[in-house]
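# Breakdown of the fold
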Amino acid sequence: MKYVADANKVCSDIAYLFSEVASIYPITPSSPMASNIDYLNYTDKLNLYNNKVELIEMQSEAGAAGAMHGALITGSLATTFTASQGLLLMIPNMYKMAGEMLPGVIHVASRTIATHALSIFGDHSDVYAARATGFCMLASSNIEEARTNAAVSHLSAIEGSLPFLHFFDGFRTSHELSTIKSISDTEFLKLVNYDKLNDFKKRTLNIDHNIQKGLAENEDIYFQSVEARNKYYNEIPDIVNKYMEKVNEISQRWHKTNDEIRRVEDTLSKLEDISTFGGYKITFEKSTRGTAAPAKVELEAKFPGDLSVAVEVMAEAISAYNTLLAELKNDLAEIDSIMKSPQVKGC
């Protein structure tokens, strides 16, 4: 059966299925997601675990993130929805959720951060401001992707023991109406890794568990824990790809991760970006990843003359930027998009 919905609707439908607690506070353009959770709760809709989602409306986004953190740390799968300055207010708790490796998911209808003025449209500056928190990130560009990536985020968070931030364009995608094919709840139920879910339940604060959290540590112990988490981040791309393939089989729509799309051939890959360079062909150096796939590459700066120079500068910029992230102990090192680097001239 097919039905008409926007990204806010399909995303919150999925979040309801996979969550036990939803802490909410409205902010444009993410408010319809929280409203839909409220509606589903009112109609006695059951989640995948045969319970109604417990809905908690707080008095700010900071409170919503705090309630989400509290729910996760005591063993409940939790979610919330936000945008713009609301996401910024959640950042302190996001660091805690990532550091404690809690499988929560935040869904964001991305919107520009208010600076000289407020704007309900614009860019992804809110999401970029949260990149250093340690949350894994998935982006969606249409309604089908929003449903797929919402499910993949929750499933990957459970299996990978790390929190996810799933986002899409505010208004352009969050409110865009499209016809999509419905998927039964039982199809998603089959995908849950219950062994990992039980492991999460066992390592949460409970009088029956030998678990202690909220400690103060000196650097010799603290940074060992930071390093120990690297293993889990390295496993995330494969986990995400696995669940994308499984959800693709259900939905009969084929989505790939950005990590997969960016891989190039062992030798050389010639890629053409007509929209940016009017038909010029760009040659890339061989990738260490070892596999091939088509890609569209967009440079953040204009380079005159021979485009091979641009490619060399860009490759150097990516390498330097990843090195910088690694030195700063940023959890997103090596899983990063093409960005400018202060270490490379001309970028």
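Residues numbered from 1 in each chain as written. Predicted model: local features only at pLDDT ≥ 70, side-chain atom pairs only at ≥ 80, totals over all residues. Heavy atoms only, no water.

## Let's talk about the confidence of the model for the chain
Cut-off, in case you're wondering: Looking at any residue, its pLDDT shows the predictor's confidence there, from 0 to 100. Any pair of residues with heavy atoms lying within 4.5 Å of one another is described as a contacting pair.
Of all residues in the chain, 73% attain a pLDDT of 70 or more, and the chain-wide mean is 80. Taken together, the stretch residues 258–304 has pLDDT below 50 and engages in 74 contacts with residues farther than four places along the chain or on a different chain.

## Concerning empty space enclosed by the protein
The test is simple: The definitions used throughout rest on a 1 Å grid laid over the protein atoms alone, on which a cavity is an enclosed set of points accommodating a 1.4 Å probe that cannot get out and a pocket is an open set flanked by protein within 12 Å on both sides along at least five of seven lines; lining residues are those having an atom within 4 Å of a point. Grid points are joined across faces, edges and corners, and a volume is the space filled by probe spheres set on the points. In this classification, the charged set is Asp, Glu, Lys and Arg, the nonpolar set is Ala, Val, Leu, Ile, Met, Phe, Trp, Tyr, Cys and Pro, and all remaining amino acids, among them Gly, are polar.
Tallied over the entire structure, the rule returns 2 cavities of 30 Å³ or more. Considered as a void within the structure, the second largest cavity measures approximately 40 Å³ in volume. Lining the second largest cavity, in full, are Phe-18, Ser-19, Leu-77, Ala-78, Pro-103, Val-105, His-154 and Ile-158. Among the residues making up the lining of the second largest cavity, the classes are represented as 6 nonpolar, 2 polar and no charged.

## Digging into the packing of helix 9 (residues 219–228) against helix 10 (residues 230–251)
A packed helix pair is summarised by two numbers, namely the angle formed by the two axes and the spacing between the axes. The criterion, for reference: To obtain each axis, a line is fitted to C-alpha atoms, and for helices this fit is confined to the stretch in contact; angles are then taken between N-to-C directions over 0 to 180 degrees. For helices the rule is a DSSP run of H or I covering at least 4 residues; for strands it is a run of E covering at least 2, with both sets numbered from the N terminus onward. Angles are sorted into four bins: roughly parallel if under 35 degrees, roughly antiparallel if over 145, roughly perpendicular if 65 to 115, and oblique for all others.
At a minimum axis separation of 4 Å, helix 9 and helix 10 run at an interaxial angle of 15°. Regarding the angle of helix 9 to helix 10, the classification is roughly parallel. Seen from helix 9, the contacting residues are Val-226, Glu-227 and Ala-228; seen from helix 10, they are Asn-230, Lys-231 and Tyr-232.

## Here we look at the nonpolar core
In a soluble, globular protein the nonpolar side chains are often hidden away together inside. The condition is simple: As used in this record, nonpolar core signifies buried Ala, Val, Leu, Ile, Met, Phe, Trp, Tyr and Cys residues forming a set joined through side-chain atoms within 4.5 Å. To sort residues, take the accessible area from a 1.4 Å probe on protein chains only and compare it with the maximum for the residue type: under 20% means buried, over 50% means exposed, and anything in between is partly exposed.
Counting 73 residues, the largest nonpolar core has Phe-18, Met-94, Ile-106, Phe-164, Leu-165 and Phe-188 as its most contacted members. For Leu-165, the contacting residues outside a window of four places in its chain are Leu-87, Met-94, Ile-106, Val-108, Val-127, Ala-130, Phe-135, Cys-136, Met-137 and Leu-138.

## Quick look at the sheet that holds strand 5 (residues 105–110)
Worth spelling out the cut-off: Strand pairing is defined by DSSP finding a minimum of two bridges between the two strands.
Read from one edge of the open sheet, 6 strands run 3-2-4-5-7-6, paired in parallel fashion. Lying at the two open borders of the sheet, with one neighbouring strand each, are strand 3 (54–57) and strand 6 (136–140). Each adjacent strand pair in this sheet contributes to an overall mean axis angle of 20°, direction not counted. In the sheet, strand 6 pairs with strand 7 (residues 164–169) via 5 bridges, with the strands oriented parallel. Residue Ser-140 lies in a different strand from strand 7, and its bridge partner there is Phe-168. Together, strand 2 (21–24), strand 4 (78–82) and strand 5 form the strand contacts of helix 3 (residues 61–73), whose direction differs from that of strand 4 by roughly 165°.

## Quick notes on the side chain of Ser-30
Looking at where Ser-30 falls in the secondary structure, it is placed in the loop between strand 2 and helix 2 (31–42). We classify Ser-30 as buried; its relative accessible area is 1%. Once residues within four sequence positions are removed from consideration, Ser-30 is found in contact with Asn-8, Phe-81, Thr-82, Ala-83 and Ala-109.

## Quick look at the packing of helix 3 against helix 4 (residues 84–99)
Basically, it comes down to this: Crossing handedness: left-handed means the near helix sits turned counterclockwise from the far one by under a right angle, and right-handed means the same turn made clockwise.
Two elements in contact, helix 3 and helix 4, have axes separated by 7 Å at closest approach and are oriented at 25°. Relative to helix 4, the element helix 3 is oriented roughly parallel. The hand of the helix 3/helix 4 crossing is right-handed. Judged by residue contacts, Glu-61, Ala-62, Ala-64, Ala-65, Gly-66, Met-68, His-69 and Leu-72 of helix 3 engage Gly-86, Leu-89, Met-90, Asn-93, Lys-96 and Met-97 from helix 4. A per-class count over the contact of helix 3 with helix 4 returns 8 nonpolar, 4 polar and 2 charged.

## Points about the environment of Lys-52
What counts, and what does not: A 3.5 Å cut-off defines polar contacts: any pair of N or O atoms within that distance qualifies, except that in protein one atom must be a possible hydrogen donor and the other a possible acceptor, and neighbouring residues in sequence count only when both atoms are side-chain atoms.
For Lys-52, the position within the fold is in the loop between helix 2 and strand 3. Setting aside residues up to four positions removed in sequence, Lys-52 forms contacts with Tyr-16, Glu-20, Asn-41, Asp-44, Lys-45 and Leu-46. In this structure the side chain of Lys-52 is engaged in a polar contact, spanning 3.0 Å, whose partner is the side chain of Asp-44.

## Section: the pattern of salt bridges
So the rule is basically this: Any Lys or Arg side-chain nitrogen found within 4 Å of a carboxyl oxygen on Asp or Glu counts as a salt bridge.
Tallied over the entire structure, the rule returns 10 salt bridges. A salt bridge links Lys-201 to Glu-20, with the nearest nitrogen and oxygen atoms 2.8 Å apart. Separated by 181 residues along the polypeptide, Lys-201 in helix 8 (residues 194–202) and Glu-20 in the loop between helix 1 (7–18) and strand 2 bring together distant segments of the chain. A residue is classified by how much of its surface remains accessible, and Lys-201, at 25% relative accessible area, is partly exposed.

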